[in-house]
Amino acid sequence: MSIPNQHKISAQHVNVWYGAKKAIDDVSLDFGSDHVTSLIGPSGCGKSTFLRTLNRMNDTIPAAKVEGDITLDGEDIYAPEMDVVQLRARVGMVFQKPNPFPKSIFENVAYGPRIHGLAGNKTQLGEIVERSLRRAGLWDEVKDRLTDSGTALSGGQQQRLCIARAIAVDPEVILMDEPCSALDPIATAKIEELIHELKGRYAIVIVTHNMQQAARVSQRTAFFHLGTLIEYGATSDIFTNPRQERTKDYITGRYG
Amino acid sequence: MSILTLSLVIAGLGLIGWLTARMRAVGFRRGSTARFSSLPSHFGGYVALWTVLPAALFLCVWASTSPALVTDRVLRDPAAAQLPPPGFDRAAILSEARSLAAGNSFGAFNPLSQKLAPAYAAAQNRNDWIGSAVALLLAFATGGFAYTRVRPDFRARSKIERVVMACLLAASLIAIVTTMGIVASLLFESWRFFSVVPITDFLFGTHWSPQVIDPADPGKTLGAVPLFWGTFFIGAVIAMLVAIPFGLMSAVYLTQYATPRARRWMKPILEVLAGVPTVVYGYFAALTVAPAVRDVAVSLGITWASSESALAAGLVMGVMIIPFVSSMADDSLAAVPGAMRDGSLAMGATSSETISRVLLPAALPGVVGGVLLAVSRAIGETMIVVMAASGVATLTLNPFASATTVTKQIVDLLTGEAEFDSPKTLAAFALGLTLFVITLLLNIVALTVVKRYREAYE
C-alpha cells in the first residue's frame, strides 16, 4: 500500500522541540535512494538532531518531541503502528565516535543479524559477517583475528567496524553523524572512499563539519542554520553558486 | 608538675614564641620595600612549632617509658626484696602500691604494698621532675634556636609546609601501623594455637565442638570445616542468591528505566537500607524471618526444621547486601559509555536486549568485583548470625537445618568465662586469622577486577 515515491525518505514540515526549546523549525527535505546527501552548518544548527529524527533516535531523549511527517518509502515512521525495531533495522546509523561493543570483531558484526534473526545457521551468519566486513573494507585487515575485541582496533578501523555492523542488517538507508570527526586524515580518507563505494546501494545521509568532505562525498547538500533549512540543492551548486547569502558566507568561512 | 600543667606551660611558651617571632618579623619588614618569602605569621608559626613539637614528642616518649623506670627504681628499694618472684602476685602488689602512691585507693590487701608505696611515690615524684625539667629545657632550647633563625631571608613558609606534610603523613601511618599491629597480634595468638593444635586438624577436621576438648588430642574436636562451610553456605550462597538478582535488577531499573524523579526517591531509600545497623537486621532475622522460615518448612512437611536455620540468617544477610550490590552495579552500568547503548538501540535492539547483550556484558567485570566485595562483607558479617544462626556446627546442604559461621563461633568462644591460654579461646584467633586472610584475598581480587575495568573505559 506504499505510495510510489521517487524519494526514499521524505521529511515534510518537521519541528523538533527539546523541552520548550525549538531545535528544528519547519524543515522539509527529501532524500533519494541513489545518492549521498550531506547536511552542513555551524555547530548547534540542528543538523544532528534532524538526522536523528530519521531513525527515531530522538525517542531515547525523554524531553524531545518531533512534529511533522517523515516517511520511509511512503510509510509514516512516526505512525503508532510503525515498529521502531524494524525501522532502525532499515535505517542504520553510524555515530560520531566509533562505538564498537566490547565484544569480538565477529560478534560486533553478528549482533544485528542475531537480534533480527537474519541468519538461519552459523554458516549463514559467517557469510553475513564476511560480506559486511568486505563491504566496509575491513575484511583483509581483520580476517585473521575475528575473535579479537572490537575495541582493540584503531579508531579508523573501529569506525569501519561500526559501518560493517550497520550494513550487516541490510539497511536501506545509512545515517552518518560526523563519522570522521574523531579520526585522523588517513582514516578519514578511507571512510570517504568507503562512502563512495556504498553509494547507490544505500541511501546515505551524512552530517559533517568539514565542507571539503561534503564537497568530496555528496551529490546533494543541505545547509542548516539555527534550526532552519537555508538551502538545499546539488552539491556542486551549493559550493560554486549558492543562492543564499548566508550559505555563501558559511562556505567561504565568514562564520561557523 | 602534672602532665596537664606541663602541657599548658609548653603551649604558653609556644604562644610566647609565636608572638615574639611575629613581632621581630614585623619589625624587619617595617620600612623595607623588599618582598619577603614569608609573612610574619609564618615566622611565628615556625618558632611556635619548634617550641612545642620537640617537647611534646619527648613527653610522649617519656610517658611511655617512665612507668617502667619508676618500677625499676622501686625494685631497687630494700623493701622490694620481700616481693614474691615474678608472676601474678608480684604484679598485683606492685599495682596496688602504685595506686596507693597516687592516692587513688586508701586501703591495701597486702601489707607489703603499704611499705612500697612511699618508695613508689618518691620514684614517681623524681621521675616527674626530671620529665618536666627536660621538657621545659627542650622547649626553651629548640624555641630559642628557631628564634635565632628569624631573619628576613629565612623561608619559614616552606618549612611550615614540610611540618604540615609530616603531620599528614603521620596521621596516615597511624592507620597502617594499627592494621599491622592487629595482624601481628592475630598471628601471634594463632601461632600459639597452632603450637597446641596441628594446623591440619584445624583446617581439614570436620568435627567442631569446642565445649568438649580432649587435652590429649585437642585437634579432634576443633576441626573448622563445618564453620567454613556454614559461613560459605550462609554468606556466599544463600545471601548472594538474594542479593545478586535483586541488587542487579534494581541497578538496571535505576540506571536504564527509572525516570529521574523515581530515581531521586528510590536511590536514597535503597541507601537507607545500607545504613540500618546490623543488629536491627539481627532482630528482624531472629524474631520475624526465622520463625516464618520454620513455619514454612513445617508446612512443607519438614518437621525437624530448625528455628535457627541457615536460610533465615542467609535471607536477611542477602537483604542487607542488596544496596551494596546495587550501588556497585549501578556505578559499573553508569560507567558504560552512552554511545554503547545508542549503538545498540540504533541497530534496532530493544531496551532489554541492549541491557542483556551489551550493557551487562560491558559492565560485567565491575559487577563481578562488586559481588566479590559483597561476599567478603557477608562472610565477615557478625551481628545477624550471632542473633539468628545456630551455635551448632553441622555440615549440611539443607537450608532448613541449623548452621553456624566463623564469626558467630568467634563471639561464642570469646564470651563467657574463658581462660586466655586454653585451646578453646585461642581457636578464636585462628578463626579470625583465617577469616581475615580469606576476606583480604577476596578484596584484593575484587579491587583488581574493578580497577582493570575502570581502566578499560577511561
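The name that an unreviewed UniProt entry assigns to chain B is Phosphate transport system permease protein, with the source organism given as Sphingomonas glacialis. Word for word, the UniProt comment on chain B under Sequence similarities (unreviewed entry) is "Belongs to the binding-protein-dependent transport system permease family. CysTW subfamily." Under the heading Function (unreviewed entry), UniProt records this for chain B: "Part of the binding-protein-dependent transport system for phosphate; probably responsible for the translocation of the substrate across the membrane."

Looking at an unreviewed UniProt entry, one finds chain A named Phosphate import ATP-binding protein PstB and attributed to Sphingomonas glacialis.

Student: When you look at the overall build of chain A in this model, what are you seeing that I'm missing?
Tutor: For chain A, the helix and strand inventory stands at ten helices and ten strands. C-alpha atoms of chain A, sized along the principal axes, occupy 55 × 45 × 35 Å. Counting across all 256 residues of chain A, residues that qualify as buried make up 53%. Taking the contacts inside chain A whose residues are at least 6 apart along the sequence as the reference set, 65% of them involve residues at least 24 apart. Separation of charge centres in chain A, based on 29 positive and 31 negative side chains, amounts to 4 Å.

Student: How do you make sense of the packing of aromatic side chains when you look at a structure like this?
Tutor: Each aromatic ring pair is described using two quantities: the centre-to-centre distance and the angle formed by the ring planes. Residue and element names in this part refer to chain B. Per the counting criterion, the structure on display carries 15 aromatic pairs over all chains. Members of the aromatic cluster, each reached through a chain of ring pairs, are Phe193, Phe194, Phe202 and Phe228. For Arg377, the ring lying beneath its charged end belongs to Phe324, and the centroid distance is 5.4 Å.

Student: Teacher, can you tell me more about a nonpolar patch on the surface here?
Tutor: Residues and elements named next belong to chain B. A grouping of Val279, Val280, Tyr283, Phe284, Leu287 and Met383 is seen on the molecular surface, where their side chains present a nonpolar patch of about 530 Å² in accessible area. Sort the elements by how many residues they give to the nonpolar patch and helix α9 (residues 278–299) lands first, with five residues. Examined against the element boundaries, Leu287 turns out to sit in helix α9. Leu287 gets classed as exposed once you look at its relative accessible area, which sits at 63%.

Student: For this particular structure, what's the right way to read the pattern of salt bridges?
Tutor: Any two side chains of opposite charge can pair, on the condition that their charged atoms come close. Residue and element names in this part refer to chain A. Within this structure, the stated rule accounts for 18 salt bridges over all chains. For the salt bridge of Arg160 with Glu141, the shortest nitrogen-to-oxygen distance reads 2.9 Å. You can see Arg160 sitting in helix α6 (residues 155–167) and its partner Glu141 sitting in helix α5 (residues 139–142), a full 19 residues away along the chain. The class for Arg160 is buried, based on a relative accessible area of 6%. Salt bridges here are not isolated pairs; linked through shared partners, they connect Lys8, Asp73, Glu75, Arg90 and Glu172.

Student: Is there a simple way to explain the nonpolar core in this structure?
Tutor: Taken as a class, soluble globular proteins show a tendency for nonpolar side chains to be buried jointly. Ranked by size, the top nonpolar core spans 57 residues in total, and within it Ile234 and Ile321 of chain B carry the most contacts. Those elements that provide at least two residues to this core are α3 (105–116) of chain A together with α7 (225–257), α9, α10 (310–335), α12 (351–380), α13 (383–388) and α15 (423–457) of chain B. The leading source of residues in this core is α10 of chain B, at twelve residues. Contact partners of Ile321 of chain B, with chain neighbours within four places excluded, come to Met240, Ala243, Ala374, Arg377 and Ala378 of chain B. Core analysis: the next-biggest nonpolar cluster, separate from the first, contains 34 residues, Ile128, Val142, Ala164 and Met176 of chain A among them.

Student: What am I meant to see in the side chain of Thr405 of chain B here?
Tutor: Residue and element names in this part refer to chain B. Summarising the element assignment, Thr405 is placed in the loop between α13 and α14 (406–414). Under the relative-accessibility criterion, Thr405 is labelled buried at 2%. A polar contact is formed between the side chain of Thr405 and the backbone nitrogen of Lys408, at a distance of 3.2 Å. Once residues lying within four places of it in the same chain are set aside, the contact partners of Thr405 are Leu227, Gly230, Thr231, Ile234 and Val385.

Student: Whenever I open this one, the UniProt feature "domain: ABC transporter" (unreviewed entry) in chain A confuses me. Can you help?
Tutor: In the numbering used here, UniProt assigns the "domain: ABC transporter" (unreviewed entry) feature to residues 9–251 of chain A. Summarising residues 9–251 of chain A: 37% helix, 27% strand, and an end-to-end C-alpha distance of 26 Å.

Student: Before we go on, may I ask you to explain the state of the cysteines in this structure?
Tutor: Structurally, a disulfide amounts to a covalent bond that connects the sulfur atoms of two cysteines. Applying the stated rule across the entire model yields zero disulfides over all chains. Cys45 of chain A takes part in no disulfide bond, and the closest cysteine sulfur, belonging to Cys180 of chain A, lies 17 Å away. As a non-bridged cysteine, Cys167 of chain B has Cys60 of chain B as the owner of its nearest cysteine sulfur, 12 Å distant.

Student: So what exactly am I meant to see when it comes to the interface of chain B and chain A here?
Tutor: Many descriptions give the size of an interface as the accessible area lost when the pieces come together. Each side of the interface is counted separately: chain B has 17 residues, and chain A has 23 residues. Together chain B and chain A conceal approximately 1,600 Å² of surface at their shared face, both sides included; 66% is due to carbon and sulfur atoms. In this structure, the connection of chain B to chain A is made through zero salt bridges. At the junction of chain B with chain A, the criterion picks out four residue pairs in polar contact (both at pLDDT 80 or more). Elements supplying a minimum of two residues to the side of chain B that touches chain A: α11 (338–346) and α12 of chain B. Of the residues forming the side of chain B that touches chain A, the biggest block, seven residues, is contributed by α11 of chain B. Residues that form the side of chain B that touches chain A fall into these classes: nine nonpolar, five polar and three charged.

Student: Could you clarify how one ought to interpret the pairing of strand β6 (residues 91–94) of chain A in this entry?
Tutor: Looking down a regular strand, the side chains alternate between one sheet face and the other. Residue and element names in this part refer to chain A. Of the two faces of β6, both are covered, the one formed by Val91 and Met93 as well as the one formed by Gly92 and Val94. With four bridges connecting them, β6 and strand β7 (residues 173–177) associate as parallel partners. Looking at β7, one finds that Met93 is bridged to Leu175.

Student: Help me out: how do you make sense of the UniProt feature "transmembrane region" (unreviewed entry) in chain B in this one?
Tutor: Per the UniProt record, "transmembrane region" (unreviewed entry) is annotated on residues 6–23, 43–64, 129–150, 162–188, 227–248, 269–290, 358–379 and 426–450 of chain B. A helix fraction of 100% and a strand fraction of 0% characterise residues 6–23 of chain B, whose end C-alpha atoms lie 26 Å from each other.

Student: How should the pairing of strand β4 (residues 64–72) of chain A be read in this particular structure?
Tutor: All names here are of chain A. Relative to β4, strand β1 (residues 7–18) runs antiparallel, the two being bridged by eight bridges. The residue bridging Trp17 from the neighbouring strand is Lys65, located in β4. Pairing between β4 and strand β5 (residues 75–76): two bridges, direction antiparallel. Pairing of Thr71 across the sheet is with Asp76, part of β5. Hairpin connection from β4 to β5: two residues lie between these consecutive antiparallel strands, with Asp73 at a positive phi of about 50°.

Student: Which parts of the structure should I look at to understand the sheet that holds β6 of chain A?
Tutor: Strand-to-strand pairing in sheets goes through backbone hydrogen bonds, with the strands running parallel or antiparallel. Residue and element names in this part refer to chain A. Reading across the sheet, the six strands line up as β6-β7-β8-β3-β9-β10 and stay open at both edges, with mixed pairing between neighbours. Edge positions in the sheet fall to β6 and β10 (228–234), since each of these pairs with one other strand and no more. Adjacent strand axes in the sheet meet at a mean angle of 15°, parallel and antiparallel pairs treated alike. Pairing between β7 and strand β8 (residues 203–207): five bridges, direction parallel.

Student: How do you make sense of the confidence of the model for chain A when you look at a structure like this?
Tutor: Reading fine detail from the predicted coordinates is not recommended where pLDDT is low. Summarising the model, chain A shows a mean pLDDT of 90, and 97% of its residues fall at 70 or more. In the model, residues 1–5 of chain A has pLDDT below 50 throughout and makes four contacts with residues more than four positions away in sequence or in other chains.

Student: How should I be thinking about the sheet that holds strand β2 (residues 21–32) of chain A in this particular structure?
Tutor: Judged by pairing direction, the sheet is antiparallel, and its four strands sit side by side in the order β2-β1-β4-β5 (chain A) without closing on themselves. Each edge of the sheet is formed by a strand with only one pairing partner; in this case those strands are β2 and β5 of chain A.

Cut-offs applied
Residues numbered from 1 in each chain as written. Chains lettered and ligands numbered in written order. Predicted model: local features only at pLDDT ≥ 70, side-chain atom pairs only at ≥ 80, totals over all residues. Heavy atoms only, no water. UniProt positions renumbered as here; feature names shortened; annotations may be inferred. Helix = DSSP H or I, 4+ residues; strand = E, 2+ residues; numbered from the N terminus. Buried < 20%, exposed > 50% of the residue type's maximum accessible area, 1.4 Å probe, protein only. Contact = heavy atoms within 4.5 Å. Lys, Arg positive; Asp, Glu negative; His and termini not counted. Charge placed at Lys NZ, Arg CZ, Asp CG, Glu CD. Phe/Tyr/Trp six-rings, centres within 6.5 Å; stacked < 30°, edge-to-face > 60°. Lys NZ or Arg CZ within 6 Å of the ring centre and 35° of its normal. Patch = residues over 30% accessible without salt bridge, like charges linked within 9 Å, V, L, I, M, F, W, Y side chains within 5 Å. Areas by Shrake-Rupley, 256 points an atom, 1.4 Å probe, with all protein chains shown as cover. Salt bridge = Lys/Arg side-chain N within 4 Å of Asp/Glu carboxyl O. Core = buried A, V, L, I, M, F, W, Y, C linked by side-chain atoms within 4.5 Å. Polar contact = N/O pair within 3.5 Å; in protein donor to acceptor, adjacent residues only side chain to side chain. Disulfide = S-S within 2.5 Å. Buried area = accessible area lost by both parts, 1.4 Å probe. Nonpolar A, V, L, I, M, F, W, Y, C, P; charged D, E, K, R; others polar. Pairing = 2+ DSSP bridges. Axes fitted to C-alpha atoms, helices over the stretch in contact; angles between N-to-C directions. pLDDT = per-residue confidence, 0-100.

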